[in-house]
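# Tertiary structure, described
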Amino acid sequence: MKAIRLVTVIILFLGLANFTSAQEEVKLHFINVGEGEAILIQAENENILIDTGGLLSGYKLLDYLEKNKVKKIKYLIITHPHPDHLSGVFFILPKIQVWGVYDNGQLLNENDDLQRWYKQLVRSKENYRILKKGDSLKLNRINLNVLWPDQAKDSSYNENSLVIMLSYNNFNCLLTADIDNLIEAQLLKDKANLKANILKISHHGYRDATSKEFLAAVAPQTAIISAGSNSKTETPSPNILDLLISQGIKIWRTDKDGDIEIVVQENGSYVIN
């Protein structure tokens, strides 16, 4: 009888350990939305969505979220008001409950129908907030620290993109949206802590970003590029790919690899599916 009880206790302990381990995993999804960008972060049944892709991929993004059992989103963040980053909100907000909606607060063009509709749908909400340098959001043990901009100015949308460092224990992932070399240089000048295990390559791998100096400061093991296979622009740039390869950085691309899922363990180790 004692032996049976002992076996039962061991089974329960192992089951609880496996359950705890599963709960402590963090998943990062770099979703294949074609020409655009959308990143899903999951931890302990909570969800963060950073950018939502373009109009053509909105229904695919919604399908992906439903497939991954996303019924609620804690934080929905739009890094800047370009259509390939914000247009999916027109599919997401009517279907999925969102606790908080954020963007960089940049002035929108009222003559642009898409931006005008975005303003009506998103910025009119009571749960809308502006993010800027120094702000942070927390989800369980995940921290999202905003490194840029101080305040979105009336200039290039890309230059005002939200730059976010995701931190989970010993793991860091730098999300750079569409910033260019000028902003990378400013982050280096500001002596921002940029070191990360994974770097989401800026501007879909276009040639105006990811300088050698910036890459040295981040020192990533892995680079993620969100790009469309039918893009009219040269993304990712062969020069950027050559630079990453020369530094021994493993490259994953949504245009070649499809949806990219990264599972991060509590100790900071990660695997890529």
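Before reading on, note that the structure itself is shown above.
The present account deals with the structure reproduced in this document. (Residues numbered from 1 in each chain as written. Predicted model: local features only at pLDDT ≥ 70, side-chain atom pairs only at ≥ 80, totals over all residues. Heavy atoms only, no water.)

## Quick look at the environment of Lys195
The following threshold applies: Starting at the N terminus, helices and strands are each numbered in turn, a helix being any DSSP run of H or I of at least four residues and a strand any DSSP run of E of at least two. Whether two residues touch is decided by their heavy atoms; if any such pair falls within 4.5 Å, the residues are in contact.
Considering the arrangement of structural elements, one finds Lys195 in the loop between helix H6 (181–189) and strand E11 (198–200). Filtering out sequence-adjacent residues up to four positions away, Lys195 remains in contact with Met165, Asn172, Ala217, Val218 and Ala219.

## Examining the side chain of Asp255
Test applied: Polar contacts here mean pairs of N or O atoms no more than 3.5 Å apart (in protein, one a potential hydrogen donor and the other a potential acceptor; neighbouring residues in sequence count only if both atoms are side-chain atoms).
Positionally, Asp255 belongs in helix H9 (residues 254–257). Here Arg253 takes part through its side chain, which lies 2.7 Å from a polar atom of the side chain of Asp255. Apart from the residues lying within four places of it in its own chain, the contact partners of Asp255 are Ala227, Gly228, Ser229 and Pro236.

## As for the pairing of strand E8 (residues 142–148)
Rules: Per-residue accessibility, obtained with a 1.4 Å probe over protein chains only, is compared with the maximum for each type, and a residue is labelled buried under 20%, exposed over 50%, and partly exposed between these values. For two strands to pair, DSSP has to find at least two bridges joining them.
Among the seven residues in E8, five count as buried, and that is most of the element. Two elements, strand E7 (residues 136–139) and E8, share four bridges in a ladder whose sense is antiparallel. Looking at E8, one finds that Lys138 is bridged to Asn143. The turn linking E7 back onto E8 is made up of two residues, and Asn140 within it adopts a positive phi angle of 55 degrees.

## Things to note about the sheet that holds strand E12 (residues 222–225)
Stated precisely, the cut-off is as follows: Only the stretch in contact is used when fitting a helix axis, every axis being a line fitted to C-alpha atoms; angles between N-to-C directions are given from 0 to 180 degrees.
Read across the open sheet, the seven strands follow the order E7-E8-E9-E10-E11-E12-E13; overall the sheet is mixed. Either end of the sheet is taken by a strand with one partner, and the two such strands are E7 and strand E13 (250–253). Within this sheet the neighbouring strands show an average axis-to-axis angle of 20 degrees, counted without direction. In this sheet, E11 lies alongside strand E10 (residues 171–175) in parallel orientation, the contact comprising three bridges. Paired with Cys173 across the bridge in E11 is Ile198. In the packing of helix H8 (residues 238–246) onto the sheet, contacts are made with E12 and E13, and the angle to E13 comes to roughly 145 degrees.

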